[in-house]
Protein chains: 2
Amino acid sequence: MKVKLQQVSPAQIEARSMEIISQELGERHFAPLEEQVIKRVIHTTADFDYADSLTFSPGAVQQGIRLLRQGVTIVTDTRMAQAGINKPAAERFGCRVLCFMGDEDVAAEAKARGCTRAAAAMEKAARLPGPVLFAVGNAPTALVRLYELASEELLIPAMVIGVPVGFVNVVEAKELLCTLPVPQIVARGRKGGSNVAAAIVNAMLYEAGGRD
Amino acid sequence: MKVKLQQVSPAQIEARSMEIISQELGERHFAPLEEQVIKRVIHTTADFDYADSLTFSPGAVQQGIRLLRQGVTIVTDTRMAQAGINKPAAERFGCRVLCFMGDEDVAAEAKARGCTRAAAAMEKAARLPGPVLFAVGNAPTALVRLYELASEELLIPAMVIGVPVGFVNVVEAKELLCTLPVPQIVARGRKGGSNVAAAIVNAMLYEAGGRD
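If you're wondering where the values come from, they're calculated on a predicted model, not measured in any experiment.

Participant: How should the environment of Ala198 of chain B be read in this particular structure?
Facilitator: Residue and element names in this part refer to chain B. As for its position among the elements, Ala198 is in helix α11 (residues 194-207). Ala198 gets classed as buried once you look at its relative accessible area, which sits at 1%. Spatially, the C-alpha atom of Ala198 lies 9.2 Å from that of Val136, the residues being 62 residues apart in sequence. When sequence neighbours within four positions are dropped, the list of residues in contact with Ala198 reads Ala81, Gly84 and Ile85.

Written out as structure tokens, the structure is:
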């Protein structure tokens, strides 16, 4: 049996996918840069719910693009999100992409203090020099710890992407983040994930000019 | 402002999440092992559509568990899916978790032949000794190439997890896979992803006894 699927390049497939997403979004109006983020998340998930749930602080995407062009350090809460971020695009701007979840000192700290590794990983990231963009796709406790550190003025995140997924404490942790006066992109509700966190970073990297 | 979120361990959060998922699935009936896979995918995505779209060949989960216990090699089509698979659980059974997408020989082969890197990566995996479980969460061309290799009897996949996400060729590639007489778990329709592929492998690893 001969396979009859259309032979097209990955770039053509992506362009056609974005056309289909635009068609299905129909007459809905978004700010242009926010639309790019929303469409890339839908491209990653095939889930149009994100057109409603993604929430942007004023000018968040512009600020993200500016930070990336300046070589901001990107910290994720999972190795999956770290793996999903386009490294050549990040490296073009000198952005490091770090994840401390597997670090032995983080595991030891979490065990000693009775907190999650995600919370301990955020504290380690808070000690990094220079501005940090946090991309949280998994652990609500990471968002809560970022909120606490910022409230106590121990950290001013350059930006937070708050898109953990789940059924316990996730909705609440995102709503808490929304009260924080820092640039942020949040997927309200239960949905999100490491893939969504990576897609949002990639959308901003591409808008910044990180991809040919 | 004091944070009021419930303090619970990751294990407690997961158990409570699974309870909520069971409640919301209500009276729906699934085969017990398939239910574990479905619930873990919903846990990963917060998307109940997977209760309808996940399709299992007869005995697929049992076969997956048996293969994992025998140390099957797991090959993914993205580094994200590779990163998302629980390594201590896989290593408990001696399962390697490989991804060839970033390999220079795969890139060179794809360029020379005008195929996708995903297709070339599947060909490289087809030359591995011993049984291989393919976990495809991104590239429909990977599924098509697996189908072609199996049709030409150049490869007998031990099992295929076919859950790429997308808008072009994705639905068709999954339907093609469904015609192949190999153990398989497929997310029909557009939805899927690297996170879904990893979640399915992890669900089977945990059912196999790979997690304490």
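Participant: I would appreciate a short explanation of the interface of chain B and chain A in the present structure.
Facilitator: Think of interface size as the accessible area that goes away when the parts come together; that is how it is often given. With 39 residues of chain B in contact, the opposing surface of chain A contributes 39 residues. The interface formed by chain B and chain A holds 4 salt bridges in total. A salt bridge links Lys191 of chain A to Asp47 of chain B, with the nearest nitrogen and oxygen atoms 3.9 Å apart. Remark: the boundary between chain B and chain A carries 3 residue pairs in polar contact (both at pLDDT 80 or more). Elements with a contribution of two residues or more to the side of chain B that touches chain A: α1 (10-25), α2 (32-45), α5 (79-84), α9 (140-151), α10 (170-178) and α11 of chain B. Classifying every residue of the side of chain B that touches chain A gives 20 nonpolar, 11 polar and 8 charged.

Participant: Looking at this structure, I do not really get the packing of aromatic side chains. What am I missing?
Facilitator: In this description, a pair of aromatic rings is defined by centroid distance and the angle of the planes. If you walk through the whole model with that rule in mind, you get 2 aromatic pairs over all chains. Measuring from ring centre to ring centre gives 6.1 Å for Phe48 of chain A and Phe167 of chain B, while their planes differ by 85°; the resulting arrangement is edge-to-face. Note that Phe48 of chain A is positioned in the loop between α2 (32-45) and α3 (50-53) and Phe167 of chain B in the loop between β5 (159-162) and α10, a pairing that runs across two chains. Of the residues examined, Phe48 of chain A reaches a relative accessible area of 22% and is grouped as partly exposed. The class for Phe167 of chain B is buried, based on a relative accessible area of 11%. Over the ring of Tyr206 of chain A we find Arg211 of chain A; its NZ or CZ atom is 3.8 Å from the centre of that ring.

Participant: Could you clarify how one ought to interpret the relation of the copies chain B and chain A in this entry?
Facilitator: For these two chain copies, the linking operation is a rotation about an axis paired with a shift along it. Between chain B and chain A, which share one sequence, the superposing operator has a rotation angle of 180° and an axial displacement of 0.0 Å; the RMSD is 0.0 Å. The symmetry that links the two subunits is that of a two-fold axis. Among all residues of chain B, the one whose C-alpha sits closest to the rotation axis is Met80 of chain B, at a distance of 2.5 Å. With an isologous cut-off of 70% or more, the 100% of interface residues of chain B that recur at the interface of chain A puts this contact in the isologous class.

Participant: Which parts of the structure should I look at to understand the packing of helix α7 (residues 104-113) of chain A against helix α8 (residues 117-126) of chain A?
Facilitator: When two helices pack together, their arrangement is captured by the angle between the axes and the distance separating the axes. Residues and elements named next belong to chain A. Put simply, α7 and α8 touch, their axes get as near as 8 Å, and they point 120° apart. With respect to α8, the axis of α7 lies oblique. As for how α7 packs across α8, the hand of that crossing is right-handed. Touching Asp105, Val106, Ala107, Glu109, Ala110 and Arg113 of α7 are Arg117, Ala120, Ala121, Glu123 and Lys124, all from α8.

Rules used in this analysis
Residues numbered from 1 in each chain as written. Chains lettered and ligands numbered in written order. Predicted model: local features only at pLDDT ≥ 70, side-chain atom pairs only at ≥ 80, totals over all residues. Heavy atoms only, no water. Helix = DSSP H or I, 4+ residues; strand = E, 2+ residues; numbered from the N terminus. Buried < 20%, exposed > 50% of the residue type's maximum accessible area, 1.4 Å probe, protein only. Contact = heavy atoms within 4.5 Å. Salt bridge = Lys/Arg side-chain N within 4 Å of Asp/Glu carboxyl O. Polar contact = N/O pair within 3.5 Å; in protein donor to acceptor, adjacent residues only side chain to side chain. Nonpolar A, V, L, I, M, F, W, Y, C, P; charged D, E, K, R; others polar. Phe/Tyr/Trp six-rings, centres within 6.5 Å; stacked < 30°, edge-to-face > 60°. Lys NZ or Arg CZ within 6 Å of the ring centre and 35° of its normal. Least-squares fit on C-alpha atoms with pLDDT ≥ 70 in both. Axes fitted to C-alpha atoms, helices over the stretch in contact; angles between N-to-C directions. Parallel < 35°, antiparallel > 145°, perpendicular 65-115°, else oblique. Left-handed = near helix turned anticlockwise from the far one by under 90°.

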